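Residue strings, one per chain:
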Amino acid sequence: QVQLVESGGGLVQAGGSLRLSCTASGRTVSTWIMGWFRQAPGKEREFVAVISMSGGITYYTDSVKGRFTISRDNAKNTVYLQMNSLKPEDTAVYYCASDVRPLAPSQRPERYDYWGQGTQVTVSS
């Protein structure tokens, strides 16, 4: 059974940094596209970042470009999201997800097969 477990969330002041981790169990993630999404209260889940199987291709939503970095360590079955210069509008529950199809990385949540339980990120002003 596949499980994705996120960690690293918390409360941080505006301008601060956090690094989220997503570790998979049950299957190796080396053949999966991995993505990060977030959902703020009262809003729909939105795409944040995605990384290809090899890590050579990454995409970000415009609002986090230059501040967030997605990376992966396939040997550790883990994907990371380094978040710098955090803003109050980054406050949300952050989810990692995996796409098991060998296609181009996608920003569409319906493409993803497995999801973690989420980790709360709160940025105070």
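Okay, so let's go over this structure. The residue numbers shown here count from 1 along each chain, following its written sequence. pLDDT decides what is reported in this predicted model: residues at 70 or higher carry local features, side-chain atom pairs at 80 or more are listed and counted, and totals for whole chains, interfaces and linings draw on all residues regardless. To obtain the side-chain values, all non-hydrogen atoms of the structure were included, while hydrogens and water were left out.

1. Overview of the nonpolar core
Convention followed: By nonpolar core we mean a set of buried residues, namely Ala, Val, Leu, Ile, Met, Phe, Trp, Tyr and Cys, connected to one another through side-chain atoms within 4.5 Å. Only protein chains enter the area calculation, which uses a 1.4 Å probe; residues under 20% of their type maximum are buried, those over 50% are exposed, and those in between are partly exposed. Numbered from the N terminus, helices here are DSSP runs of H or I no shorter than four residues, and strands are runs of E no shorter than two. Every residue pair with non-hydrogen atoms within 4.5 Å of one another is taken to be in contact.
Ranked by size, the top nonpolar core spans 28 residues in total, and within it Trp36, Leu81, Met83 and Tyr94 carry the most contacts. For this core, the elements supplying multiple residues, two or more each, are β3 (18–25), β4 (33–39), β5 (46–51), β7 (68–73), β8 (78–83), β9 (92–99) and β11 (119–124). Beyond its immediate chain neighbours, meaning those up to four positions away, Met83 contacts Gly16, Ser17, Leu18, Leu20, Arg67, Phe68, Tyr94 and Val121. In terms of nonpolar packing, the next biggest core, distinct from the first, is built from six residues, Phe37, Phe47, Ala97 and Tyr112 among them.

2. Description of the side chain of Asn77
Under the convention used in this document: Here a polar contact is taken to be a pair of N or O atoms separated by no more than 3.5 Å, where protein atoms must pair a possible hydrogen donor with a possible acceptor and residues adjacent in sequence count only if both atoms sit in side chains.
You can see Asn77 is positioned in the loop between β7 and β8. Within the structure, Asn77 has its side chain in polar contact with the side chain of Thr28 (distance 3.4 Å). Discounting chain neighbours no more than four positions away, the residues touching Asn77 are Cys22, Thr23, Ala24, Arg27, Thr28 and Val29.

3. Some points on the pattern of salt bridges
Just so we agree on the cut-off: Note on definitions: salt bridges are taken to be side-chain nitrogens of Lys or Arg within 4 Å of carboxyl oxygens of Asp or Glu.
Applying the stated criterion across every chain, the model contains eight salt bridges. The shortest N-O distance in the salt bridge between Glu46 and Arg38 comes to 2.6 Å. Of the residues examined, Arg38 reaches a relative accessible area of 5% and is grouped as buried. Note that Arg108 and Glu110 form a salt bridge whose closest N and O atoms lie 3.0 Å from each other. Residue Arg108 is classed as partly exposed on the basis of its relative accessible area of 48%. Residues joined by salt bridges that share partners form a network here, namely Arg38, Glu46, Arg67 and Asp90.

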